[in-house]
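Observations on the model geometry
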Amino acid sequence: YDITVVNSYLLDSMPYQNVCNGENVDIYITGSPSVPFTYVHNQSGSIGIANSGNGIINGSPLSFTAVNNTSQVIAVNFTFTVTNGYCGYTTPFMLYIYPTPSIILNDIQKCKGQIFGGIVLPSSYTWTNNNTSIGLAASGTGNIPSFTTLNSGTAIITVTPIQLGCIGTPETFEIFVEDAPVTSPVNNIAVCHNSIVPEIDFVSTITSFYTWTSSINLGLGLSGSGSLPSFTATNLGTAPLVSTITV
């Protein structure tokens, strides 16, 4: 009888790779001799490359665009195999596909002199501000800090999400800082019981919505909004009543 000893085939070991969603991937399979190989991987969803295939050792790389449309890292476990008809040789390879980071931010409106409370962001995110006159620095990394608004105006803030080396689509939002309205003073009024107090319209430096409170009820009520309506003053006692109206 015959004893046949076949040549040994060798697949070189391959270090793992980290790639981002949308990144081009080249997997080079090297070894000896330059014979056909097959591969399979463990992912059933679309990652940019078929679940199984073949190629030639030391030939063209497996090239594809990595796909990860989830929010989690996808671990792809490849197994490469060569066979000489009698014996099979395998080598593993791990590919980690990271998702594209993203963020959604809403516009913010403040009055001049108010405190902007800040926004918590991952430490790897970067941001820029096109209007430093509002009191916020021109750029930074990680959290957007709290600050007191200094001047009226609009600032466009651009946040670039960066996570695990992957860069997402920049997100912009606006910080609107408005001038605080200044209400013109109203003269004090003295009236008698059962007198009609005329309506009082408030005037301020900018168009405003007003709310007011009365320290005691003289027939007006204790609070309201808009102008101070006309009312009949009431004092059923013997001493003068004084109400402070705060607008």
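The notes below deal with the structure included here. Numbers given for residues are sequential positions, taken from 1 along each chain in its written order. Confidence filtering applies because this is a predicted model: local features only for residues at pLDDT of at least 70, side-chain atom pairs given and counted only at 80 or more, and all residues used for totals across whole chains, interfaces and linings. Hydrogens and water are ignored here; the side-chain numbers use all heavy atoms of the structure.

Take the sheet that holds strand S23 (residues 245-246) next. A pair of strands counts as paired when DSSP detects no fewer than two bridges linking them. Runs of E in the DSSP output that reach at least two residues are strands. Runs of H or I that reach at least four are helices, and both are numbered from the N terminus. Across the sheet, which stays open at both edges, the three strands sit in the order S21-S20-S23 with antiparallel pairing between neighbours. The sheet is open, and its two borders are formed by strand S21 (223-225) and S23, each paired with just one other strand. Here strand S20 (residues 211-214) runs beside S21; their pairing, made up of three bridges, is antiparallel. In the strand pairing of S21, Thr 211 is matched with Ser 225.

Turning our eyes to something else, we now look at the packing of aromatic side chains. Stacked, edge-to-face and tilted labels apply to pairs of Phe, Tyr and Trp rings (six-membered ring for Trp) whose centres lie within 6.5 Å, assigned for plane angles under 30 degrees, over 60, and everything in between, in that order. One pass over the structure, following the stated rule, counts eight aromatic pairs. Plain terms: the ring middles of Tyr 16 and Tyr 96 are 6.0 Å apart, the flat faces sit at 85° to each other, and that makes the pair edge-to-face. Pair noted here: Tyr 16 is in the loop between strand S1 (10-11) and strand S2 (17-20) and Tyr 96 is in strand S9 (residues 88-98), with a separation of 80 residues, a long-range link. The cut-offs for exposure are 20% and 50% of the maximum accessible area for each residue type, with area from a 1.4 Å probe on protein chains only; residues under the lower value are buried, those over the upper are exposed, and the others partly exposed. Residue classification places Tyr 96 among the partly exposed residues on the basis of a relative accessible area of 27%.

Residues Ile 27, Ile 29, Phe 78, Phe 80, Leu 95 and Ile 97 are the most contacted members of the largest nonpolar core, which totals 23 residues. Mapped by element, the contributors of at least two residues to this core are strand S3 (24-27), strand S5 (36-41), strand S7 (62-65), strand S8 (74-83) and S9. Throughout, nonpolar core names a set of buried Ala, Val, Leu, Ile, Met, Phe, Trp, Tyr and Cys residues whose side chains join them through atoms within 4.5 Å. Membership of the second largest hydrophobic core comes to 17 residues, among which are Ile 103, Phe 116, Ile 119 and Ala 155.

When a carboxyl oxygen of Asp or Glu lies within 4 Å of a side-chain nitrogen of Lys or Arg, that pair is called a salt bridge. The full count for this structure, using the stated rule, is one salt bridge. The salt bridge partner of Lys 112 is Asp 179, with a shortest N-O separation of 3.5 Å. One end of the pair, Lys 112, is in the loop between strand S10 (108-111) and strand S11 (115-116); the other, Asp 179, is in the loop between strand S18 (171-178) and strand S19 (196-197), and 67 residues separate them in sequence. Classification of Lys 112 by relative accessible area gives partly exposed; the value is 38%. Exposure remark for Asp 179: the relative accessible area of 34% places this residue in the partly exposed category.

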